[in-house]
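# Residue-level structure breakdown
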Amino acid sequence: MGILPDDVWADWESTGKQKYLKTMKSYADNSKTVLGNENFSKINRLIYDLLWQGIKGQMKRDLVVNCLGELIAQNTEIASVVVDVIALADTETQVEEGKKDDRTRLAGLLKDLNRYLSDGLMKERIEFDLMGESSIVKNPKKFFNTVIKLKTKLFYKQQKFNLFREESEGYGKLITELNQDLSSVSLEYILEVIKSLIGYFNLDPNRVLDIILESFETQPKEFLFFIGLLEKFLPDRDTLMELLNFKYSYFVKNSEDECTPDSLYHVTALLIQHEILTFDDVYPLLSPSDDDMEAQWNKEVGEAKEYLRKMHIVSTKSVEEEDKEKNKVKNPNENNQKIGLLAAFFKVGAWELGEKMLETLPANFCISQPKVSLALSELIHKTIDPVYHKYSGLSDRVKSRHYKHLPGSKHPPVAETLVDLRKHAYPMLQTLGPYAHRDPTLMFKMIRIFKSALEIRRTDTYEADNKVKDLTSNEFYFDAFTLLEEVFLPSLSLLNANCCFAEEIWSLIRNFTYEHRYRLYDSWKGECMVSQPILMRAKAQAFESIKRIMKIMSTENVKHTGRQLGKLSHSSPALIFTYIISQIQVAGNLIGPVVDSMKYMTNLSFDVLGFCIIESLNDPDKNRTKTDGTSISMWLTNLALFCGSVFRKYNIELTGLLQYVANQLKAKHSLDLLVVKEVVNKMGNIEAYEEMTPEQLEAVGGGELLRQEAGNFQQVKNTRKSSQRLKDCLMEMNLAVPLVLLMAQQGNSVVYQETEKDHLKLVGKLFDQCHDTLVQFGTFLANNLSQDDYSKIMPPLPQLLSEFHVNPDIAFFLARPMFNHLISTQFEDIRKADKQWKGKSTQEKQAKHAEAAKIIMEPLTAAVIPVYPPKIWEDISPRLLATFWSLTMYDLYVPEKIYQKKIKELKEAPSKLHENKDLNTSRRRKEADRLATLVEKMQEEEKRHKEHVERVMVRLRKEKDEWFLCRSAKTAKNETITQFLQFCLFPRSIFTASDATYAAKFVNIIHLLKTPNFSTLICFDRTFCDITYTVTSCTEHEASRYGRFLCAMLVTVRRWHKDKEIFEAECSGYPGFITKFKAAGSEDSSDKSHTDTVDFENYRHVCHKWHYKIAKALVVCLESKDYVQIRNALIILNEIISQYPLISNLASVLEKRIEKVCEEEKEKRKDLYIKARSYHGKLSMCKSRMVREQDFHIMKKSKSEPEEDKTKEDKTKEKEDKSKEDVHEKKSSESRERKSESRDRTSKSRERASESRERGSKSRERGSESKERTEMGPPMSKDKRKSMDPADSDRDFKRKRDSHKDKEKSPPLDRLEKKEKLKKEKEKEKLRKEKEEKEKVRKEKDGKEKEKELPKKERKRERESSTDSDKKKQNGDSSKRKSRR
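Residues numbered from 1 in each chain as written. Predicted model: local features only at pLDDT ≥ 70, side-chain atom pairs only at ≥ 80, totals over all residues. Heavy atoms only, no water.

## A closer look at the overall build of the protein chain
In terms of regular secondary structure, the protein chain is built from 67 helices and 0 strands. The buried share among the 1381 residues of the protein chain stands at 49%. (Helix = DSSP H or I, 4+ residues; strand = E, 2+ residues; numbered from the N terminus. Buried < 20%, exposed > 50% of the residue type's maximum accessible area, 1.4 Å probe, protein only.)

Right, dumping it as structure tokens:
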């Protein structure tokens, strides 16, 4: 719709024209100009409507032309509007189809309007075709060509004088002005000069802008001047963007020949930083694309993973081929413009822009580029510079470089305080990550700052310090922890053998707790080394190097390989040690060379080694036992040996390892005790004394000097420093007592919980290992701690027994070192309190010592009472038990022979020094003085030892009357010895080797003290008779100790058996050899006849019985087919070989059984075969000392003995024959080698055979009687003795140990005991039936063979001999009745 109504055009000539002009005038008068008028669109519409009235023919052409002429005359700007409307109408008429008249009318209107419009305006805006139709232009085509040429000349043709080579003066002056000393000129002056040069020389402004940028590139420090110049010179930033686009695209096209200069990146970064350009404007101009960079990063990661994988594959390529492939690779990121701009951002301090760019790109890929990481490192230097110089901890005399930003630059805030450091520098460091290795100086600075922040004072030593104060409360502690994990430790892996930086890290990290340090090492070794491609490659290279070193390592090249290993371990210790430990677990012969080659390593490497050892120990994928399930795996044994060696030789913190073992013990895993055993062995020189010689065993009971000189297996090692380190660690971390108590409680766990489904051999080994480690560890504490320290940390005996539920034998072992100290302290208090002490005699002083001991032992005695069953106190006193368990071999015996031997050796040693040519005169003199001093100390020690033993003996003499309580004859004979064996001798004898000797010695002391109510004979009898169950219940090491105990007891027995004078001096008339006991308080208790004691000849017969019983028990074990019984029997036989067997026929029986074991076990159980073969060889060597059975019984008469003793000897001989008959009768039923023995004693065996056939009923009666009398000969009362209860027997001491209730009440057994009891009963019943069947078959065969072999004359002689034996028996019975009367 038009502005004017239709009647205006209809009444144009009358009123329409007036209304039109009036309306136009009203619109045009609102503004001075038509173009700026707010009604400009309405004016255009009115002219458009008027013109179309003429085009459509609705109004005459002259009326339209005249009206437009009048409007143009009124306002000339209307002409421009008219031309624009005509140009629009031209387009519209061209589009209309079938209306050629409108086109013709338009051409006519334009022709008529030509007189009102200028030619230039029409030629500028109207199309050439319309002007040709209206005859304004005569030749439209020629005019069109002329216009095209003119425009080309104006807009596209460059003047020649704008080129450098044509007109260089203007540009030369411009360059000179821009590159002068800009500090002496102002910005306005330079800007006016530039304008003048452009105008005078007609310079291209775009080219001038390019020259300004290039000058800026050469003077980046004058960035403030050029930034201001560009702000005033640039008309808009589009021109600058086009120029930069041209520059960057040029270097992309020519990337093979040229790289984009860093100066261009720098200028671009400054332009963006100062907001002349925006980041979004420049970023699209750069190459490559983000997708290409992401793909390139993924490719690098994949190649690194493949490279790491190939380290485990053997390469078939030669070294030269691999080097050629490496040299072919070109850096693809050399011309990466985005990387260059990012580096420039960091150089100019635009941290926020750099962060923004990292968000759009793969951050790790960008930071991995050297130019980026170095630029960021420099920015961090500038940020931390004030804080570093404030907290570096360096002396003022040390001059250090300052890093400062350029004046006027835009940069991140500089850190003035430690809090500012956290805010501004930490994000940059975390972004830098492991690539900080390219600037080690920066990492040194940060570590020094952290040490000051954590208040860690500088020390001259870098050794591990167990006294670590708690730094977790410090606000910067976890900041340091984070940066260590993410920056410093990964960077160390990328440095090449930088031991200085490793020690600097250690100076910080050693103040962390071991838990936090090991957390860092685990992250460093695991996640960190696979997080970046560069770290993956470093890991692969480390593996390659360590494999090469380990292949050539041996004892001959330790120095060379040690240096290589040291260099390699500075950067990646965790990876190196993991591989080394894996090799050691397989090959134990590498332990020595590896330990020796570690002397070039840093403290950080050693600490990481401790972590790697614990990690290897806790590997869940490895089986800790061998496939057969009977022994500990080789890898664990080798690793334990390695631990002992490396911890002894090098200062490595032990806290983590000991805490790990403690945690394993809490979890009921005792296998790791092997590690503690080896560590204590190597560091404390505390060896397991299971294979000691008798001389060494005797020396152990001496003083400290004697133990050092004569009690060690090897030359005494200098373990003073390592022992001190182990002791300090245990004391400072409070691990000594927890470890001891866990070990003490672990024994029961090993048997009943940990090894419920394991092989019995493994159970025994674990139990032995647990026990040996406990003894070793307790010995270490006792030897290395002072008495005061030991008494402070170790719980007292009552607490050990009641609160911690430690077995009494272990509790006394742990508390024993405190007893002598407490007694000595009490004795010293008594001495100081007595003013007349100097005038007292030695006996009085000894009495005072006994009094002090009584004061100390009374509370211990009271603590023992509730631990044991109440029934025990009816036979023995608590004081005896406390005394027995509190004393040691040192208290009872002085090894004078060993002392004298060592003193003699030391006195002779100076004379041999002259033979040593390596010593000069002064050193010989010093060595001679040392030996002389040692002799004096040894003599003084022997003297003190003797005085101590005398005091202890005085104390024992006072106590002995209260030890054994006598209620009745049978109690003294049975229960007392049973209780003493069960709760004292047996547990102590299997505790340690020295305790086994002590137990035998204590029995001898009790005998020599003439202790009332103690029967030495019954004690020996119970010890030697029927030891089958005792042997069976022992572990391997316990069997060895029990064998030592038996050997020591046999020494005493043999000593008395060998010499009548010794027997008469030490046994005759002693209470221990009384065979007839009377109830306490009876009238004739003091009246003892000669027949109440055992004489020498009867004692020899009893010794024969003991030897026979031992042989019988061990033969049963050897024939049992059970591994444990055979092994223990062989161990005991090896231990007692010096004293047993002494009788040739018993030796032959044992030899045959041993040969049978060798034959059966040769291909089955090799360890048993080796033990049996070893014993067989020893037994063969001992045959020269063997005696015949009759020689063992009968002692040759001396000429001085009177003839009148013959009758007594005859009677004794009859008893001997009778006892021999009983022995051989039992023996004939047990032994299968009866034929060989019967050839030596044919007549006697025939007598026994006829006697057994004729008196079958009598033998049964005698068998029932034999149960009611003692095994030593004298009959006992018809009443049943108490110890016949199986639970009261001394056969199974371990089971008896924990029984706390009276047996008369028969309490219900628990489920486990019931199962064990039923199982044993079934086995016994089965064995008994098999034995009876075999015996029956064998007797039938023997009877048939005898009937065939014996001729009639021999049968007659046999009948005659049987009548003679009946007569002898009757005479013997009559003599017995007389003796009883």
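## Some remarks on the confidence of the model for the protein chain
On average, the protein chain scores 79 in pLDDT, and the residues at 70 or more come to 81%. Per-residue pLDDT stays below 50 along residues 1077–1091; that stretch engages in 18 contacts with residues further than four places along the chain or on separate chains. Low pLDDT, under 50, characterises residues 1350–1356; the stretch is placed with 4 contacts to residues that sit more than four places away or in other chains. (pLDDT = per-residue confidence, 0-100. Contact = heavy atoms within 4.5 Å.)

## Side note on unusual backbone geometry
The omega torsion of the bond from Ser-287 to Pro-288 falls at 0°, within 30 degrees of zero and hence cis. Along the chain, Pro-288 turns up in the loop between helix H16 (279–282) and helix H17 (290–310). Omega for the peptide link from Tyr-1140 to Pro-1141 comes to 0°, which places this bond in the cis form.

## So, the pattern of salt bridges
Applying the stated rule across the entire model yields 42 salt bridges. Among the ionic pairs, Asp-1021 bridges to Lys-1105, the shortest N-O distance being 2.7 Å. In this pair, Asp-1021 sits in helix H52 (residues 1016–1024) while Lys-1105 sits in helix H56 (residues 1096–1118), placing the two residues 84 residues apart along the sequence. Each member of the pair, Asp-1021 as well as Lys-1105, is classed as buried. Across the pair Glu-1036 and Lys-1171 runs a salt bridge whose closest N-O atoms are separated by 3.6 Å. Remark: Lys-1171 occurs in helix H59 (residues 1166–1181) and Glu-1036 occurs in helix H54 (residues 1036–1058); sequence separation between them is 135 residues. Judged by relative accessible area, Lys-1171 falls into the partly exposed class, the value being 24%. By sharing partners, the salt bridges in this structure join Arg-207, Asp-210, Glu-214 and Lys-247 into a single network. (Salt bridge = Lys/Arg side-chain N within 4 Å of Asp/Glu carboxyl O.)

## So, the packing of helix H34 (residues 634–649) against helix H36 (residues 673–684)
Close contact between H34 and H36 brings their axes to 8 Å; oriented N to C, the two are set at 35°. Here H34 runs over H36; the crossing is right-handed. Taken together, the residues of H36 that come into contact with H34 (itself represented by Leu-636, Thr-637, Ala-640, Leu-641, Cys-643, Gly-644, Ser-645, Phe-647 and Arg-648) are Leu-674, Val-675, Glu-678, Val-679, Lys-682 and Met-683. When the residues that make up the contact of H34 with H36 are grouped by side-chain class, the tally is 9 nonpolar, 3 polar and 3 charged. (Axes fitted to C-alpha atoms, helices over the stretch in contact; angles between N-to-C directions. Left-handed = near helix turned anticlockwise from the far one by under 90°. Nonpolar A, V, L, I, M, F, W, Y, C, P; charged D, E, K, R; others polar.)

## Some words on the nonpolar core
By size, the foremost hydrophobic cluster in this structure holds 341 residues, and its most contacted members are Leu-271, Phe-488 and Phe-642. In terms of residues, this core owes the most to one element, H56, which gives 13 residues. Setting aside anything within four residues of it in sequence, one finds Phe-488 in contact with Met-443, Met-446, Ile-447, Phe-450, Leu-483, Phe-501 and Ile-505. Core analysis: the second largest hydrophobic core is formed by 47 residues, Trp-9, Tyr-48, Met-122 and Val-137 among them. (Core = buried A, V, L, I, M, F, W, Y, C linked by side-chain atoms within 4.5 Å.)

## Re the state of the cysteines
What is meant by a disulfide is a covalent connection between two cysteines, made through their sulfur atoms. The full count for this structure, using the stated rule, is 0 disulfides. Summary of cysteine pairing: Cys-1067 is not part of a disulfide, and the nearest cysteine sulfur, belonging to Cys-1103, is at 9.4 Å. The buried category is assigned to Cys-1067, whose relative accessible area is 1%. (Disulfide = S-S within 2.5 Å.)

## Details of the packing of aromatic side chains
For the structure on display, the rule yields 50 aromatic pairs. Centre to centre, the rings of Phe-1063 and Phe-1096 are 5.4 Å apart; their planes meet at 55°, and the pair counts as tilted. Taken together, the residues Phe-1063 in helix H55 (residues 1060–1066) and Phe-1096 in helix H56 connect sequence positions 33 residues apart. The two residues Phe-1063 and Phe-1096 agree in class, both being buried. A connected cluster of aromatic rings, assembled from ring pairs, spans Phe-812, Phe-819, Phe-884, Trp-885, Trp-963, Phe-964, Phe-980, Tyr-998, Phe-1002 and Phe-1014. The ring of Tyr-307 carries the charged tip of Arg-537 above its face, separated from the ring centre by 5.2 Å. Between the NZ or CZ atom of Lys-622 and the centre of the ring of Trp-635, over which it lies, the distance is 5.1 Å. (Phe/Tyr/Trp six-rings, centres within 6.5 Å; stacked < 30°, edge-to-face > 60°. Lys NZ or Arg CZ within 6 Å of the ring centre and 35° of its normal.)

## Description of helix H25 (residues 440–453)
Working note: α-helix, 3.6 residues per turn, so residues spaced by three or four point in the same direction. In a regular helix each residue adds 1.5 Å, so 14 residues correspond to 20 Å; H25 covers 20 Å between its end C-alpha atoms and thus fits that length. H25 sits mainly inside the fold: 10 of its 14 residues count as buried. Among the residues of H25, Leu-442, Met-443, Phe-444, Lys-445, Met-446, Ile-447, Ile-449, Phe-450, Lys-451 and Ala-453 are the ones counted as buried. Taken together, the buried residues of H25 touch helix H22 (370–391), helix H23 (418–424), helix H24 (426–432), helix H26 (477–494) and helix H27 (499–509). Two residues or fewer after H25 comes Glu-455, characterised by a positive phi angle close to 60°. (Expected span 1.5 Å × (residues − 1).)

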